[in-house]
Amino acid sequence: TLLILGFVGSLALDELLSVNVVIRHADRAATSGWATAESPTVLFRGNGELTDLGIDNAFAQGRDFKQRYVKTGFIDKRFLPSQVYVRSSSVSRCLMSAASFTNALFKETPKDHAVVPPIYTVHVDDDGLLVPLLTCTDGWEETISRYNLTSNVNVKDNSLRAMMMKEWPAACATVHPSLVDAIIAELPNKLINMPANYKACAEGAAKEFMYKYIELLAGAGASFNDLRIKRVAGVLTKTLVDNFNFASTCTGDACNGQPKFRVYYTHDVNVLAVSHIFGVLDKFNGITPAFSSALVFETRRNENGTYVKVRDF
């Protein structure tokens, strides 16, 4: 039996057995719309796509993980396929984030070329592990009632429209609700000069609004729904727990035959659902998960037994 500990301090004589990382893709353009007229030029890959800032940030995050898990000798700096497994949603912003992140991890070849691990994926329509399933018509009863929706079809989008009409924050009164994703996504980009009222909204109230919506989709937090959260994160949670248990019980060659560093690139809804399941939802402080938000699960052993420590990066 493993003990799951949320954000605990170091314990003496710890042995690190395995690392599992659940991580949101890096900075992207809004999935639709633009905050300014210049935005399409700066974010030239288009709506929903990873930005240059996102590529740089994912690479920088990979260097942080290199310091913690490669340079310490936990995994081989030359990259051994037996030690590392990277799985990503097939949505291009996730795949590109995973590539940039892993590009920073390992020692280069003698000709100075980056060693990038293979990134495994499946088609988005078949991915029950890392793509949130939000199209089912059941499991939305309390949402339909809360927002007086007339149908259980397309509740995902209809609930957002209802929230925009009923719950759009007063602090964002001068910003059209349809811009909420755009102003949050573009806020970190210094090449885009957003109006002051957009910035003020994006820095606070808009992120709180989007958190409530993502929480609803995830079936997490104040919008907890057993069926929805299982659909979003049930398979991933089982996979993580299986990984924890294997690392805690394997011996000898059995351990060496399974990766001890696993990375799962996914979306904000999945990250929020997993955070709820493992009791660390409060790490987000009620605002939408930032790009590249990561939950790191370290399976460890000390004189008291085996346990899992949850870190955030």
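Before reading on, note that the structure itself is shown above.
Quick look at the structure, then. (Residues numbered from 1 in each chain as written. Predicted model: local features only at pLDDT ≥ 70, side-chain atom pairs only at ≥ 80, totals over all residues. Heavy atoms only, no water.)

Helix and strand content of the chain: 11 helices and 7 strands. Relative to a compact globule of 313 residues, whose C-alpha radius of gyration would be 20 Å, the chain shows 20 Å and is just as compact. In terms of overall dimensions, the chain has a C-alpha envelope of 60 × 45 × 35 Å along the principal axes. Within the chain, contacts between residues at least 6 apart in sequence are counted, and of these 71% link residues at least 24 apart. Looking at the chain as shown, the accessible area adds up to about 14400 Å², and 53% of this sits on carbon and sulfur atoms. Of the charged side chains in the chain, 32 are positive and 32 negative; the average position of the first set lies 4 Å away from that of the second. (Helix = DSSP H or I, 4+ residues; strand = E, 2+ residues; numbered from the N terminus. Rg over C-alpha atoms; globule rule 2.2 N^0.38 Å. Contact = heavy atoms within 4.5 Å. Areas by Shrake-Rupley, 256 points an atom, 1.4 Å probe, with all protein chains shown as cover. Lys, Arg positive; Asp, Glu negative; His and termini not counted. Charge placed at Lys NZ, Arg CZ, Asp CG, Glu CD.)

Moving on, we come to the side chain of Asp268. Assignment of secondary structure puts Asp268 in helix H11 (residues 268-277). When its relative accessible area of 14% is taken as the criterion, Asp268 is described as buried. At a separation of 3.4 Å, a polar atom in the side chain of Asp268 contacts the side chain of Arg24. If near-sequence neighbours (up to four positions away) are discounted, Asp268 is found in contact with Arg24, Ile214, Thr288 and Pro289. (Buried < 20%, exposed > 50% of the residue type's maximum accessible area, 1.4 Å probe, protein only. Polar contact = N/O pair within 3.5 Å; in protein donor to acceptor, adjacent residues only side chain to side chain.)

For the coordinates displayed, the defined rule picks out 2 cavities of 30 Å³ or more. Counted as a void, the largest cavity has a volume near 50 Å³. Residue classes in the lining of the largest cavity are distributed as 5 nonpolar, 2 polar and 3 charged. Here the second largest cavity defines a volume of roughly 40 Å³. Its residues assigned to classes, the lining of the second largest cavity comprises 5 nonpolar, 1 polar and 2 charged. (1 Å grid on protein atoms, 1.4 Å probe; cavity = no way out; pocket = protein on both sides within 12 Å on 5 of 7 lines; lining within 4 Å. Points joined across faces, edges and corners; volume = space filled by probe spheres on them. Nonpolar A, V, L, I, M, F, W, Y, C, P; charged D, E, K, R; others polar.)

Another aspect to go through is the packing of helix H8 (residues 205-218) against helix H9 (residues 226-249). The geometry of H8 relative to H9 is characterised by a closest axis approach of 7 Å and an angle of 90 degrees between their N-to-C directions. By the angle class used here, H8 and H9 are roughly perpendicular. Contacts between H8 and H9 involve Leu216, Leu217 and Ala218 on the former and, on the latter, Arg228, Ile229 and Val232. Among the residues making up the contact of H8 with H9, the classes are represented as 5 nonpolar, no polar and 1 charged. (Axes fitted to C-alpha atoms, helices over the stretch in contact; angles between N-to-C directions. Parallel < 35°, antiparallel > 145°, perpendicular 65-115°, else oblique.)

Let us now look at the nonpolar core. By size, the foremost hydrophobic cluster in this structure holds 62 residues, and its most contacted members are Val180, Ile183, Phe209, Leu236, Leu240, Val274 and Phe297. Within the residue set of this core, elements represented by two or more residues are helix H5 (155-167), helix H6 (180-186), helix H7 (196-203), H8, H9, H11, strand E6 (294-302) and strand E7 (305-312). Looking at this core, the element that brings in the most residues is H8, giving 10 residues. Not counting residues up to four positions away in its chain, the partners in contact with Phe297 are Ser18, Val19, Asn20, Val22, Leu240, Phe244, Val274, Phe278, Val308, Lys309 and Val310. (Core = buried A, V, L, I, M, F, W, Y, C linked by side-chain atoms within 4.5 Å.)

A few words on the pairing of strand E2 (residues 15-24). When you tally the buried positions in E2, you get 8 out of 10 residues, the bulk of the element. Looking at chain direction, E2 and E6 are connected through 8 bridges and run antiparallel. Counted as the bridge partner of Ser18 is Thr299 from E6. Pairing of E2 with strand E5 (residues 261-266) involves 6 bridges; the strand directions are parallel. From the neighbouring strand, Asn20 faces E5, where its bridge partner is Arg262. (Pairing = 2+ DSSP bridges.)

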